[in-house]
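Chain and residue survey
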Amino acid sequence: RRWRPWLRLIGVGNRSIKQLDEIKLRSREVVMHVSLREFKHADLETLTSSAERCGADEYMSRLGPKGFDGSDTQRAEAWCWSVIVCEKEDVGAVLVEIDQEDPTLAVLGIIIWDANYWGQSIGRQAIEMAIADAKEHLEFQALQLSVRKTNARALVCYQHSGFEIVNEGIKYINDQAVPIYIME
């Protein structure tokens, strides 16, 4: 997404990060409280095992920041990494990181590892909160993501979050060519 002064994030308006910390979602007549908390080293095992259980390797190329060695998960100058919490339960993770090749570009990644929370706009709300947090802590001019063409659920989530397909390409994962969309 290219930042335009006249463009506001959907549903964010002029609210601060603290006001965004808990957003109520109306889904299937149930109010869900969604918040983000900083990703900690203790979350690595949950992320890895949960991603394996939900088959994340079918739609994600990696689970953490590029070059992440597992040693330090604290907020870095190059990323904002958070756990998505819904109704006091950890249900996913979201990452905004500065692109290593283009420091004016940030890259978004998200996983909701509990299928019970899919299709309820939790990902969209987490994306909005993560972008707002990243804008306070990182310096970038554009935000981009890549999504596998076969990941229809994620594609809809990203489109509802205001991203548009700007290009398509191929990503090589485990020596396999994977068709992707590039979205901004």
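Relevant structure appears above.
These lines cover the structure that appears in this document, whether it is placed above or below. Because the structure is predicted, anything quoted here is derived from the model rather than measured.

Where charged atoms from two side chains of opposite charge come close, those side chains can pair. The tally for this structure, following the rule as stated, stands at 5 salt bridges. As a salt-bridge pair, R37 and D43 come within 2.8 Å of each other at their nearest N and O atoms. The buried category is assigned to D43, whose relative accessible area is 10%. Here D90 ties to R37 by a salt bridge, and the two come within 2.8 Å at their closest N and O atoms. Residue D90 is found in strand β4 (residues 89–98), and its partner R37 is found in strand β2 (residues 30–38); the two are separated by 53 residues along the sequence. The class for D90 is partly exposed, based on a relative accessible area of 29%. By relative accessible area, which is 29% here, R37 ends up partly exposed. When salt bridges with common partners are traced through the structure, they connect R37, D43 and D90 into a single cluster.

What follows covers the nonpolar core. Core analysis: the biggest nonpolar cluster contains 34 residues, and I84, L108, I122, Y158 and F163 have the highest contact counts within it. When contributions to this core are tallied by element, the ones reaching two or more residues are β2, β3 (79–86), β4, β5 (105–112), α3 (122–137), β6 (142–148), α4 (152–160) and β8 (176–183). Top contributing element to this core by residue count: α3, with 7 residues. Not counting the four nearest positions on each side in its chain, L108 is found in contact with V94, L95, V96, I127, L143, Q144, L145, Y158 and F163.

Parameters and conventions
- Residues numbered from 1 in each chain as written.
- Predicted model: local features only at pLDDT ≥ 70, side-chain atom pairs only at ≥ 80, totals over all residues.
- Heavy atoms only, no water.
- Salt bridge = Lys/Arg side-chain N within 4 Å of Asp/Glu carboxyl O.
- Buried < 20%, exposed > 50% of the residue type's maximum accessible area, 1.4 Å probe, protein only.
- Helix = DSSP H or I, 4+ residues; strand = E, 2+ residues; numbered from the N terminus.
- Core = buried A, V, L, I, M, F, W, Y, C linked by side-chain atoms within 4.5 Å.
- Contact = heavy atoms within 4.5 Å.

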